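# What the coordinates show
Residues per chain, in single letters:
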Amino acid sequence: MSVFEVLRFAVRGISANKLRSGLTMLGILIGVAAVILLVAVGNGSAQQVAERIEALGTKTLTVQGVGGGSVLTHEVAEALGDPVLAPDVTSVSPVASTQATLTYQGTDHSVQQFVGSYPSYFGASNSPVGTGSAFTEDDLKQGRRVVVIGQTVAEELFPGVDPVGEEITVSGALFTVVGVLDEKSSASGFLDANDLAIAPLTAVQQALTGYGPYNSIIVEAQSSEKVADAQAQVSLILSQRIETSGSSATQPYRIQNASQLLETQTETADTFTTLLGAVAGISLLVGGIGITNIMLVTVTERTREIGIRKALGAPRRVILTQFLAEATMLSLLGGGLGVAAALIGSNFTIVGVKPVIVPSSIALALCVSVAIGLFFGSVPANRAAGLRPIDALRYE
């Protein structure tokens, strides 16, 4: 029997009971769509978090004080910027931040991060200015009350108005807007990355926070390859400058490496995506069991047909091939519809995440659906091929 004839008989067998075949394909459709979409959700979530981490700058180290940051003083920041002690450090940006309420012409907006730092902060934190300009070293030295705001602040306080040059009140102190940051992507579950304001450290300390210790210090390495060396140098300086209570577990500071955080997140995201795919794969297994049940019913209904064909000389392999072809065709059609459903579903946001389709997941899901058709269809196909003509012809 030719391939064309096998396919023709398979199509005829499937179309003989459209409702039953449709329900079987529906099971495969749901399974394939679930696998592709859940993997896409996991991948999309991983990309969102990775974008947020990379937005922090992969060349940066963040030094934070444990228990309020009381150990991060001006002297410590100066030592971290010493080219002799830390030759692989490009810039050091102390940070004094606070919550603040910004007011413009009677409109109030509260920001969680009103940051006071050096001009180097913009480069170190990967926060480029989109319109206007950043403040300068002279602004820092003179303590000028100028501020660069994020996109969310600009939209809330200045709808339809160019913010540059306008004056805002920050918890009672007047600041002049000199620039607006480029928009940053915000990963699901994180604070809005565009809801912040950055001003000269001296102005923020004078008007808002006082001259106490810093909340954190952003250290920028010369390159991504030099981050590990810079971290070792920073760690040595901190251990020399800051007294500890004896063991590393009680150090009053911690150093966060954005590259290490990104690597850890990537490993976690891969595990999460694999788990989602495995959970979705269960639905494919259920669809395979459905194929077995449907094909067993089909074999039972067509017992006399099988007997007649075997009595006319049809060999075992022809019967086996026919029923395997029917099961595989059901799986392939259901898988194709599942891919189409997944591609349509990927255009929508799912649980706050924009799915990102992984091409390999489409190929894998289709291959698995075909394999399921062959595997689960083999039992009824073997049963059909093993029927004795005389028994099949006597079946009522």
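Everything below is about the structure printed above this text.
Rules of the game
Residues numbered from 1 in each chain as written. Predicted model: local features only at pLDDT ≥ 70, side-chain atom pairs only at ≥ 80, totals over all residues. Heavy atoms only, no water. Phe/Tyr/Trp six-rings, centres within 6.5 Å; stacked < 30°, edge-to-face > 60°. Helix = DSSP H or I, 4+ residues; strand = E, 2+ residues; numbered from the N terminus. Buried < 20%, exposed > 50% of the residue type's maximum accessible area, 1.4 Å probe, protein only. Patch = residues over 30% accessible without salt bridge, like charges linked within 9 Å, V, L, I, M, F, W, Y side chains within 5 Å. Areas by Shrake-Rupley, 256 points an atom, 1.4 Å probe, with all protein chains shown as cover. Salt bridge = Lys/Arg side-chain N within 4 Å of Asp/Glu carboxyl O. Lys, Arg positive; Asp, Glu negative; His and termini not counted. Charge placed at Lys NZ, Arg CZ, Asp CG, Glu CD. Contact = heavy atoms within 4.5 Å. Pairing = 2+ DSSP bridges. Polar contact = N/O pair within 3.5 Å; in protein donor to acceptor, adjacent residues only side chain to side chain.

### Considering the packing of aromatic side chains
Where two aromatic rings form a pair, the distance of their centres and the angle of their planes describe that pair. Following the criterion strictly, the structure yields 3 aromatic pairs and no others. Between Tyr 104 and Phe 158, the ring centres sit 4.3 Å apart and the planes meet at 45°, which makes this aromatic pair tilted. Here Tyr 104, found in strand β2 (residues 89-104), pairs with Phe 158, found in the loop between α6 (151-157) and β6 (167-170); they are 54 residues apart in sequence, far enough to count as distant. Looking at Phe 158, the relative accessible area reads 3%, which means it is buried.

### A few points about a negative patch on the surface
Taken together, the side chains of Glu 155, Glu 156, Asp 182, Glu 183 and Asp 192 make up a negatively charged region of the molecular surface. Checked against the element boundaries, Glu 156 lands in helix α6. The class for Glu 156 is partly exposed, based on a relative accessible area of 44%.

### Quick word on helix α7 (residues 201-209)
For α7, the full list of buried residues reads Leu 201, Ala 203, Val 204 and Gln 205. Summarising the contacts, the buried residues of α7 are in contact with β2, β3 (107-117), α5 (137-142), β7 (173-181) and β8 (196-200). Residue Gly 210 follows α7 closely and has a positive phi angle near 85°.

### Thoughts on the pairing of β6
Here β6 shows one buried face, formed by Ile 168 and Val 170, and one open face, formed by Glu 167 and Thr 169. Sheet topology places β2 next to β6; 2 bridges connect them, and they run antiparallel. Bridged to Leu 102 within β6 is Val 170. Pairing between β6 and β7: 4 bridges, direction antiparallel. Each residue of the ladder has a partner; that of Glu 167, found in β7, is Thr 176. In this structure, the hairpin formed by β6 and β7 is closed by a connection of 2 residues, where Ser 171 is found at a positive phi of approximately 50°.

### Remarks on the pairing of β7
By the criterion of burial, β7 is predominantly enclosed, with 7 of the 9 residues buried. Alignment of strand β5 (residues 146-149) against β7, held across 4 bridges, turns out to be parallel. Bridge assignment links Val 146 to a residue of β7, and that residue is Thr 176.

### Notes on the environment of Ser 97
If you trace the backbone, Ser 97 turns up in strand β2. Non-local contacts of Ser 97, meaning those with residues more than four positions away in its chain, are made with Phe 114, Val 115, Thr 209 and Asn 215.

### Topic: unusual backbone geometry
Backbone geometry at Gln 105 places phi at a positive 50°, although glycine is not the residue there. Its location among the elements puts Gln 105 in the loop between β2 and β3. Of the residues examined, Gln 105 reaches a relative accessible area of 69% and is grouped as exposed. Even without a glycine there, the phi angle at Ser 171 is positive, about 50°. Take Ser 171: it is sitting in the loop between β6 and β7.

### What about a nonpolar patch on the surface?
Together, Leu 19, Leu 23, Leu 26 and Ile 30 line one region of the surface with nonpolar side chains, adding up to about 410 Å² of accessible area. Assignment of secondary structure puts Leu 26 in helix α2 (residues 18-55).

### Quick word on the side chain of Ser 117
Relative to the helices and strands, Ser 117 resides in strand β3. At 2.7 Å, the side chain of Ser 117 forms a polar contact with the backbone oxygen of Pro 94. Among all residues touching Ser 117, those that are not within four sequence positions of it are Ser 93, Pro 94, Val 95, Phe 135, Leu 140, Ala 199, Pro 200 and Leu 201.

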